[in-house]
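Coordinate inspection notes
One-letter residues, chain by chain:
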Amino acid sequence: MTSDIHAVDSHTAGEPTRIVLAGGPPLGTGPLTERVERFRNEYDSYRRAVITEPRGSDVLVGGLLCEPHDPECQAGVIFFNNVGYLGMCGHGLIGLVETLRYQRKIDAGKMLIETPVGNVAATLHADGEVSVSNVESYRVAADVEVRTEDFGTFRGDIAFGGNWFFLTYDPDTRIHRSELGKLTAMACAIRKAVNASGYPEVDHIEIFGEPDGEADSRNFVLCPGLEYDRSPCGTGTSAKMACLAADGKLAPNQRWIQQGVLGTSFACEYSWANANKQSIMPVIRGRAFITAETHLKLTANDPFCWGIQ
Ligand code: PYC
């Protein structure tokens, strides 16, 4: 027997997203916090079938389009990757909005989208760009020192931007594609050291360096499944702005251009989340392009029906 998953692929600033429109796992109803647990515990094979080889690749981020639980929202989404599930995904949310536009389900304007970590407002602009008003973002620890065996000592901050990040600056490494091997090995070593240090566990590592052109900063982001983010990472940039805001280095509504390792960028700004100025509401603006519309086939006697593990 063969079943069919209808999906649309896009990339946002180079980072791919595969939105599952139909044929996904039967997660039922209820808050997305509950549905993501059902996905993880009962239907994880779908995640592997959609993302991993032979249908996908480790770099792909998936998004399951869901009926929202919150009546205020127009859609819900659960993001996932080669190793598990993401709270939010900035580039993926931009990919989702472009997918809905491509499907003629939305026009330019604003919509509210439910995710497992909160509601996110998205605006599709007339020029095709999308602004994402992300979930509340904040720093939990500043200037943390971690020691790695092979790369020495790093100092950085731990912050939440929809996912958990350790953010550090390395003046000695160029943030460039030619350094991907070193950056990946370094980020893996940093993640191991941070997660052994007793601080809240981080899933992403963000290493900053000098930008090109008009950008304010350039980053390399290691994702949980050892791939690097081809985009400047929407949740990572939210975490970065939370740190800049906490340090008084970026004012509310001041524009921040975050460049990723490929040189693509997001235009960003923030407002304070509340009067005590401990957390921010970040806005990330970027653009996605459709790359494919596809029907993934799941055939029962295919030895790799549920992906190559
Ligand atoms: O854009 O937030 C993001 C993201 C997370 C992982 C890959 N991209």
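Whatever comes next refers back to the structure up there.
All values reported here derive from a predicted model rather than from experimental measurement.

What counts, and where the lines are drawn
Residues numbered from 1 in each chain as written. Predicted model: local features only at pLDDT ≥ 70, side-chain atom pairs only at ≥ 80, totals over all residues. Heavy atoms only, no water. Salt bridge = Lys/Arg side-chain N within 4 Å of Asp/Glu carboxyl O. Buried < 20%, exposed > 50% of the residue type's maximum accessible area, 1.4 Å probe, protein only. Pairing = 2+ DSSP bridges. Helix = DSSP H or I, 4+ residues; strand = E, 2+ residues; numbered from the N terminus. Near = heavy atom within 4 Å. Polar contact = N/O pair within 3.5 Å; in protein donor to acceptor, adjacent residues only side chain to side chain. Areas by Shrake-Rupley, 256 points an atom, 1.4 Å probe, with all protein chains shown as cover. Nonpolar A, V, L, I, M, F, W, Y, C, P; charged D, E, K, R; others polar. Axes fitted to C-alpha atoms, helices over the stretch in contact; angles between N-to-C directions. Parallel < 35°, antiparallel > 145°, perpendicular 65-115°, else oblique. Contact = heavy atoms within 4.5 Å. Phe/Tyr/Trp six-rings, centres within 6.5 Å; stacked < 30°, edge-to-face > 60°. Arc of directions from axis to C-beta. Core = buried A, V, L, I, M, F, W, Y, C linked by side-chain atoms within 4.5 Å.

1. Focus on the pattern of salt bridges
Any two side chains of opposite charge can pair, given that their charged atoms come close. As enumerated under the stated definition, the model contains 14 salt bridges in all. A salt bridge links Glu227 to Arg230; the nearest nitrogen and oxygen atoms lie 2.8 Å apart. Taking the relative accessible area as the measure of exposure, Glu227 reaches 23% and is therefore partly exposed. Taken together, the shared-partner salt bridges in this structure form one network comprising Asp143, Glu145, Arg147 and Arg155.

2. Re the pairing of strand 8 (residues 130-133)
A regular strand carries its side chains on alternate faces of the sheet. Here 4 bridges tie strand 7 (residues 118-124) to strand 8, and the two strands are oriented antiparallel to one another. Of the residues in strand 8, the one forming a bridge with Thr123 is Ser131. What sits between strand 7 and strand 8 in their antiparallel hairpin is a turn of 5 residues, with Gly128 showing a positive phi close to 95°. Bridging between strand 8 and strand 16 (residues 280-286) involves 4 bridges; their strand directions are antiparallel. Residue Val132 lies in a different strand from strand 16, and its bridge partner there is Ile284.

3. Quick look at the site of the ligand
As a structural note, the neighbourhood of the ligand is formed by Glu15, Cys89, Gly90, His91, His204, Asp229, Cys233, Gly234 and Thr235. Within the backbone of Gly90, a nitrogen or oxygen atom sits 2.8 Å from an oxygen atom of the ligand. The backbone of Gly234 places a nitrogen or oxygen atom 2.8 Å from an oxygen atom of the ligand. When the free accessible area of the ligand is taken as 250 Å², the share hidden by the protein chains comes to 99%. Only helix 3 (90-102) and helix 5 (234-246) provide two or more residues apiece to the shell around the ligand. Taken together, the residues that form the shell around the ligand break down as 2 nonpolar, 5 polar and 2 charged.

4. Considering the packing of helix 1 (residues 32-42) against helix 2 (residues 44-51)
Packing of helix 1 against helix 2 brings their axes to within 5 Å, and their N-to-C directions diverge by 80°. Comparing their axes, helix 2 and helix 1 come out roughly perpendicular. Only Asp44, Tyr46 and Arg47 of helix 2 make contact with helix 1, whose side of the interface consists of Phe39, Arg40 and Glu42. Residue composition of the contact of helix 1 with helix 2, grouped by class: 2 nonpolar, no polar and 4 charged.

5. Some points on the packing of aromatic side chains
Per the stated rule, a full pass over the model turns up 10 aromatic pairs. Ring geometry for Tyr43 against Tyr46: centres 6.2 Å apart, planes inclined by 65°, an arrangement best described as edge-to-face. Taking the relative accessible area as the measure of exposure, Tyr46 reaches 17% and is therefore buried. Seen from their ring centres, Tyr46 and Trp306 are 5.4 Å apart, and the 65° between their planes marks the pair as edge-to-face.

6. Regarding unusual backbone geometry
Note: most peptide bonds trans; most residues except glycine with negative phi. In this structure, Pro54 follows Glu53 across a cis peptide bond, with omega equal to 10°. Residues other than glycine seldom take positive phi values, yet Ala13 does so here, at roughly 55°. Here Ala13 shows up in the loop between strand 1 (2-12) and strand 2 (15-22). Positioned with a positive phi, Cys233 is a non-glycine residue whose angle comes to about 70°.

7. Notes on helix 1
Within the span of helix 1, buried status applies to Leu32, Arg35, Val36 and Phe39. Angularly, the buried residues of helix 1 cover 100° about the axis, an arc narrow enough to put them on a single face. Exposed residues lying more than 90 degrees from the buried face of helix 1 are Asn41 and Glu42. Taken together, the buried residues of helix 1 touch helix 2, strand 3 (61-66), strand 4 (75-80), strand 5 (85-86) and strand 6 (109-115).

8. Comments concerning the nonpolar core
Membership of the largest hydrophobic core comes to 38 residues, with the highest contact counts inside it found for Phe79, Leu93, Val97, Ile113 and Met241. Broken down by element, the residue count for this core peaks at 5 residues, all from helix 3. Look past the residues within four positions of Leu93 in its chain and what remains in contact with it is Val77, Phe79, Met88, Ile113, Val120, Ala122 and Val132.

Any functional reading would require information beyond the geometric quantities listed.
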